[in-house]
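So the chains spell out like this:
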Amino acid sequence: MGNFRKRGKEAVLICVCIVVIAIMPATAPSMPTVSVEPSHLKVFQNETFTINITVNPAGYEIYAAQYDLYFNPDILNAISQSQGNFLSQDGVNTCPVRNEINNTIGKIEYGETRTGVENGVTTPGTLASITFKAIKCGRSELKLSNVILSDTNVTKTNVSSGNVIVEPIVFGAMFDTGRGEYPSIAGIHNGTITPKHDIIFNCIYTYPCEGTGGHTEHVIIYNDTGIIAEARWNGYIDDYHNVTFPHTFILLANHTYNYTIITGSYPQIHHTNILETDDGVLTCSEFIDVNGRRYTDWIPAIRLYYRISPTATGNRTENIKVRDA
C-alpha cells in the first residue's frame with residue numbers, strides 16, 4: 001500500500017512537471033547585435049557628425065567582423081572611417097581587411113580580424129566610427145547589410161540600422177558653441193553671451209552626452225532693460241533636445257547679454273570660464289549643480305538658431321523682435 005502511494009505521488013509530480021514545461025514560453029537563445037549608434041540623428045546642413053558601429057557579443061567570443069553600410073549620397077558625404085577598439089580591447093593585434101568608402105553609390109565597407117590568437121572577445125565595444133558631412137536637406141537611412149560576426153563558426157546576428165535627418169539653416173546667423181564633453185551634471189548655468197554678428201533665433205538646442213537625455217529645461221536671456229527671450233521645456237516628448245521660444249529674436253553683434261540656463265540630465269559641457277567661438281564669446285559667472293556645488297568653469301554646449309518649423313504644429317509668420325543692449 002505504501003509503495004502504491006509513493007508511486008502515485010511520483011506520477012503526480014511528473015505530470016506537474018510536464019504541464020509546467022508545456023506552458024513555459026519558448027525563448028530563443030540570445031544572439032550578438034551590431035548597431036548604428038546613435039540610431040536616430042538630427043543635424044543641420046553642412047554639419048559634420050560621427051556615428052559608431054557597435055557590437056554586443058551576447059556571450060559569444062567574436063574573432064572577426066564585417067559589414068556594409070548604405071546611405072543616401074545625395075544627402076550625406078562620408079569623410080572617413082576609423083577602426084574602433086572592439087576586437088583589440090584585450091591588447092591583441094588586429095588587421096583591417098577592408099575599409100572602403102564609395103560616395104558615388106553611398107556604400108561603406110569594413111572588415112577586421114584578430115591575429116595571432118584563437119580566442120575572441122565577449123565585451124561590447126565599438127567596431128568602427130564613421131564621420132559624415134550633411135550636404136543636403138532630407139532623410140538618409142544608415143542601413144547595415146552583409147553583417148557577419150565570426151567565432152569558431154559564423155554566428156547569426158541581430159542588426160539595428162539607423163537614420164539621419166538633415167534640417168536646413170534658414171539664416172546663417174546662429175550662435176553655436178559646438179560639442180562639449182564630460183563630466184556633466186544637471187544644474188543652473190549663469191553667464192554672458194556676446195555675439196560677433198547678429199543672432200536670429202527661435203530655438204535653442206542642447207548637445208546631450210551620448211546615451212542621455214541632456215536638455216535645457218528653462219532658458220532666460222536678458223540685459224539691463226529686462227528679459228529679452230525666455231522658453232521652457234515641454235518634457236520628454238517629440239524633439240526634446242530643442243526648446244522653442246514663443247517668438248523670433250535678434251541678439252545684436254558686439255552687445256553683451258546675460259543668460260540663465262537650467263539643464264536636466266547630462267548636457268555636454270565646455271569646461272572653461274571663457275569660450276570663444278566663430279559666432280561670439282560665452283562666459284561662465286557661476287554654475288550650481290543639482291547637489292549645490294558651485295563652479296566658475298562650466299559652460300553648456302548649446303546652439304541658438306532659427307528654423308522654419310520648430311514644432312510639430314509649425315511656426316507661424318511673425319514679426320522678429322529686436323532687442324538692443
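As a reminder, the structure under discussion sits directly above these lines.
Model, not experiment: these values are computed from the prediction. (Residues numbered from 1 in each chain as written. Predicted model: local features only at pLDDT ≥ 70, side-chain atom pairs only at ≥ 80, totals over all residues. Heavy atoms only, no water.)

## Some thoughts on the overall build of the protein
Summing up its helical and strand segments, the protein has 1 helix and 26 strands in all. Per-residue burial over the protein gives 44% buried out of 325 residues. Taking all contacts inside the protein whose residues are at least 6 apart in sequence as the whole, residues at least 24 apart take part in 79%. Split by element, the accessible area of the protein, about 16800 Å² in all, is 52% carbon and sulfur. (Helix = DSSP H or I, 4+ residues; strand = E, 2+ residues; numbered from the N terminus. Buried < 20%, exposed > 50% of the residue type's maximum accessible area, 1.4 Å probe, protein only. Contact = heavy atoms within 4.5 Å. Areas by Shrake-Rupley, 256 points an atom, 1.4 Å probe, with all protein chains shown as cover.)

## Some thoughts on the nonpolar core
The tendency in soluble globular proteins is for nonpolar side chains to be buried as a group. Membership of the largest hydrophobic core comes to 32 residues, with the highest contact counts inside it found for F49, I51, Y67, L69, L76, F132 and L142. Ranked by residues supplied to this core, first place goes to strand 8 (residues 125-134) with 5 residues. The residues contacting L69, other than those within four sequence positions of it, are V36, I51, G106, K107, I108, I130, F132, L142, K143 and L144. Core analysis: the next-biggest nonpolar cluster, separate from the first, contains 31 residues, I185, I200, V243 and Y257 among them. (Core = buried A, V, L, I, M, F, W, Y, C linked by side-chain atoms within 4.5 Å.)

## Some words on the packing of aromatic side chains
Two measures describe an aromatic ring pair: the distance that separates the ring centres and the angle between the ring planes. Applying the stated criterion across every chain yields a total of 12 aromatic pairs. Judged by centre distance (4.8 Å) and plane angle (80°), the ring pair of Y236 and Y240 falls under edge-to-face. (Phe/Tyr/Trp six-rings, centres within 6.5 Å; stacked < 30°, edge-to-face > 60°.)

## Some remarks on the pattern of salt bridges
Applying the stated criterion across every chain yields a total of 10 salt bridges. We note a salt bridge from R303 to D176, for which the minimum N-O separation is 3.3 Å. One end of the pair, R303, is in strand 25 (residues 302-305); the other, D176, is in strand 13 (residues 175-176), and 127 residues separate them in sequence. Assigned by exposure class, R303 and D176 land together as buried. For R293, the salt bridge goes to D289, with nearest N and O atoms at 3.1 Å. Of the residues examined, D289 reaches a relative accessible area of 4% and is grouped as buried. Salt bridges sharing partners connect three or more residues here, namely E47, D176, R179 and R303. (Salt bridge = Lys/Arg side-chain N within 4 Å of Asp/Glu carboxyl O.)

## Topic: the environment of H255
The topology assignment puts H255 in the loop between strand 18 (242-251) and strand 19 (257-264). Residues H255 and K196 lie 59 residues apart in sequence; the distance between their C-alpha atoms is 8.5 Å. For H255, the side chain forms a polar contact with the main-chain oxygen of A253, separated by 2.8 Å. (Polar contact = N/O pair within 3.5 Å; in protein donor to acceptor, adjacent residues only side chain to side chain.)

## Points about the sheet that holds strand 11 (residues 158-160)
Here we have 5 strands laid out as an open sheet, ordered 5-8-3-1-11, and mixed in their pairing. The outermost strands of the open sheet, each flanked by one partner alone, are strand 5 (76-83) and strand 11. Each neighbouring strand pair of the sheet contributes to a mean axis angle of 15°, computed without reference to strand direction. Here 8 bridges tie strand 3 (residues 48-56) to strand 8, and the two strands are oriented antiparallel to one another. (Pairing = 2+ DSSP bridges. Axes fitted to C-alpha atoms, helices over the stretch in contact; angles between N-to-C directions.)

## Side note on the pairing of strand 7 (residues 107-114)
Taken residue by residue, a regular strand's side chains alternate between the two faces of the sheet. Where burial is concerned, most of strand 7 is hidden: 8 out of the 8 residues are buried. Residues K107, E109, G111 and T113 of strand 7 are buried on one face, and the alternating residues I108, Y110, E112 and R114, pointing to the opposite face, are buried as well. Examined bridge by bridge, strand 4 (residues 64-70) and strand 7 share 7 bridges and lie antiparallel to one another. In the strand pairing of strand 7, Y67 is matched with Y110. Where strand 6 (residues 94-102) lies against strand 7, 8 bridges are found, and the strand directions are antiparallel. Pairing of R98 across the sheet is with G111, part of strand 7. Counting the residues between successive antiparallel strands, the hairpin from strand 6 to strand 7 contains 4 residues, one of them, G106, with a positive phi of roughly 75°.

## Notes on the environment of G138
One can find G138 in strand 9 (residues 138-150). Residue G138 is classed as partly exposed on the basis of its relative accessible area, which comes to 26%. In this structure, the C-alpha to C-alpha distance between G138 and I75, residues 63 residues apart in sequence, is 6.3 Å. Excluding its chain neighbours within four sequence positions, the residues that come into contact with G138 are I75, V164, I165 and V166.

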